[in-house]
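# Descriptive analysis of the structure
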Amino acid sequence: MNERTRRVRKAVLPVAGLGTRFLPATKAMPKEMLPVVDKPLIQYAVEECIASGIEHVIFVTGRRKNAIEDHFDTLPELESFLETHGKPKLAQMVRDISNGVDFSYTRQSEALGLGHAVLTARHLVGNEPFAVLLGDVIPHGKVPATKSLLEVYESTGQGAIAVEEVPKERVHLYGIVDVARDGDVRLGHGVRRIEDLVEKPKPEKAPSNLAVTGRYVLPPVVFDYLEKAEPGTGGEIQLTDALRVLASRDGLWAVPYQGKTYDAGDKLGFLEATVELALENPEFGDKFRNYLRGLKL
C-alpha cells in the first residue's frame, strides 16, 4: 500500500436526517445547527476533523440543510464589520470556523439509511480511505476520536471504528461488536480485531457490551460492499451490513475511545453535553457551576 492510499485526507459527514426527535425546534432548523453551549452541534465534528488532520470534509445533505453550508462558508462582510468595530477576536473566531479545510456537498435524495448516505459520497471520496463522523455524536477527551482511528488505519491499512462500553440494559440501542479475545498492544490499549457486528441486539444475545459510537475510518472497498448490500426495513441500506463483510474479508479493528461520548442525537444526551461542556468553558464555567449549586432541586 503506497502513501497516498494509506493516508486519510477526507471525511464524510451524513447530515440529511429530518431530526424528528427534536421537533418542533427542527421544523425549520437543521438538527445539526442546534447550539451546544456556544456553537452548532455539527461544528464539533468539523473541529474534530481539523484536529485529526483531515483536509476535505464532505457533507451528505438533504432538504432544508442550507444553513449548514452557509455556516461553513466565508463571510467577509461580517469579518470586516467585526474588525472595524474593534472586535478582532470575534473576527478570527468566524474565520476559524472553516479555516484550513475544504468543504463539498452532495444531496441524498431519499432517506435510505446510513449506508446509503455514505455511498452517496463515493464520487467525492474516490479511491481513497476516508473517515465517517456522525454529526450528533460528540466525543470529548484529550485525543480526538477520529485521530485515534487514523493512527490504527495508517498502521495496518485496515478499517477502524470507535467503540465504548455501555450498560447491558442499553445494548439494544446500539450496534454491538463481537471482538477477538486478544488485542494488538502495538495499536493501543484495548484495540481488538472485530469478528462480527450486530445491530441493536437483545441484551441476552449481545456478543459484548462494546457499542459503535459514530466514528469510522474505512478503506474505499467498503463502497463495493455497500452497493451489494440488500436493503432492509424501509428499503434502507445499513452501514453495519457492509462493515460485517469488511470485517470478514479485509479486517476491521475496534478502538476503545479514551474519553466520554455524548449522544446528542436525543434530548437527554443533548442536555448532558450542553451542561458538562458549559462547566468546562473557561469564560463562564465557574459561574455556571455556582449557579447549579444554588438551585433548589
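Keep in mind it's a predicted model, so treat the numbers as computed, not measured.

This next bit is on the side chain of Ser-208. Mapped onto the elements of the fold, Ser-208 is located in the loop between β10 (192-199) and β11 (210-218). Here the side chain of Ser-208 touches Val-177 through a polar contact of 2.5 Å, landing on its backbone oxygen.

A surface patch of nonpolar side chains, amounting to about 240 Å² of accessible area, comprises Leu-75, Leu-78 and Phe-81. Along the chain, Phe-81 turns up in helix α4 (residues 76-84). Looking at Phe-81, the relative accessible area reads 45%, which means it is partly exposed.

This brings us to the environment of Asp-136. Among the secondary structure elements, Asp-136 is positioned in the loop between β6 (130-133) and β7 (137-140). Sequence-wise, Asp-136 and Glu-32 are 104 residues apart; in three dimensions their C-alpha atoms are separated by 6.8 Å. Not counting residues up to four positions away in its chain, the partners in contact with Asp-136 are Arg-21, Lys-31, Leu-41, Tyr-262, Asp-263, Ala-264 and Gly-265. Within the local environment of Asp-136, its side chain forms a polar contact with the side chain of Lys-31, the two groups lying 3.0 Å apart.

The next subject is the packing of helix α11 (residues 267-279) against helix α12 (residues 285-293). For the pair α11 and α12, interaxial distance at closest approach is 7 Å and the crossing angle is 120°. As far as their axial angle goes, α12 and α11 are oblique. When α11 is examined against α12, the residues Val-275, Ala-278 and Leu-279 are found in contact with a partner set consisting of Gly-285, Phe-288, Arg-289 and Leu-292. Of the residues contributing to the contact of α11 with α12, the split by class is five nonpolar, one polar and one charged.

Now for the packing of aromatic side chains. Centre distance and the angle of the planes are the two values used to describe a pair of aromatic rings. Summed over the entire model, instances satisfying the criterion amount to seven aromatic pairs. Residues Phe-59 and Tyr-105 carry aromatic rings whose centres are separated by 5.2 Å and whose planes lie at 15° to one another, so their mutual orientation is stacked. One end of the pair, Phe-59, is in strand β4 (residues 56-61); the other, Tyr-105, is in strand β5 (residues 102-107), and 46 residues separate them in sequence. Of the residues examined, Phe-59 reaches a relative accessible area of 0% and is grouped as buried. Its relative accessible area of 26% is what places Tyr-105 among the partly exposed residues. Linked through ring pairs, Phe-59, Phe-72, Phe-103 and Tyr-105 together constitute an aromatic cluster. Across from the ring centre of Tyr-44, 4.7 Å away, lies the NZ or CZ of Lys-39, which sits over that ring.

As a further point, take the environment of Ala-254. Along the polypeptide, Ala-254 turns up in strand β12 (residues 252-256). On the basis of relative accessibility, which here comes to 2%, the residue Ala-254 falls in the buried class. Along the chain, Ala-254 and Ala-162 lie 92 residues apart, while their C-alpha atoms are 6.0 Å from each other. Dropping the residues within four chain positions of it, Ala-254 is found in contact with Ile-161, Val-163, Val-177, Val-179, Gly-190, Val-191, Arg-192 and Ile-194.

Moving on: the packing of α4 against helix α5 (residues 88-96). Two elements in contact, α4 and α5, have axes separated by 7 Å at closest approach and are oriented at 160°. On the basis of their axis angle, the class for α4 and α5 is roughly antiparallel. Relative to α5, α4 is oriented so that their crossing is left-handed. Where α4 abuts α5, its residues Leu-78, Glu-79, Leu-82 and Glu-83 lie against Pro-88, Leu-90, Ala-91, Val-94 and Arg-95.

With respect to the helices, strands and loops of the structure, Val-37 is situated in the loop between β2 (35-36) and β3 (39-40). Along the sequence, Val-37 and Pro-219 sit 182 residues apart, while their C-alpha atoms lie 35 Å from each other. In contact with Val-37, other than residues within four places in its own chain, are Tyr-44, Thr-274, Leu-277, Ala-278, Asn-281 and Phe-284.

Cut-offs applied
Residues numbered from 1 in each chain as written. Predicted model: local features only at pLDDT ≥ 70, side-chain atom pairs only at ≥ 80, totals over all residues. Heavy atoms only, no water. Helix = DSSP H or I, 4+ residues; strand = E, 2+ residues; numbered from the N terminus. Polar contact = N/O pair within 3.5 Å; in protein donor to acceptor, adjacent residues only side chain to side chain. Patch = residues over 30% accessible without salt bridge, like charges linked within 9 Å, V, L, I, M, F, W, Y side chains within 5 Å. Areas by Shrake-Rupley, 256 points an atom, 1.4 Å probe, with all protein chains shown as cover. Salt bridge = Lys/Arg side-chain N within 4 Å of Asp/Glu carboxyl O. Buried < 20%, exposed > 50% of the residue type's maximum accessible area, 1.4 Å probe, protein only. Contact = heavy atoms within 4.5 Å. Axes fitted to C-alpha atoms, helices over the stretch in contact; angles between N-to-C directions. Parallel < 35°, antiparallel > 145°, perpendicular 65-115°, else oblique. Nonpolar A, V, L, I, M, F, W, Y, C, P; charged D, E, K, R; others polar. Phe/Tyr/Trp six-rings, centres within 6.5 Å; stacked < 30°, edge-to-face > 60°. Lys NZ or Arg CZ within 6 Å of the ring centre and 35° of its normal. Left-handed = near helix turned anticlockwise from the far one by under 90°.

Purely spatial values, then, with no claim about function.
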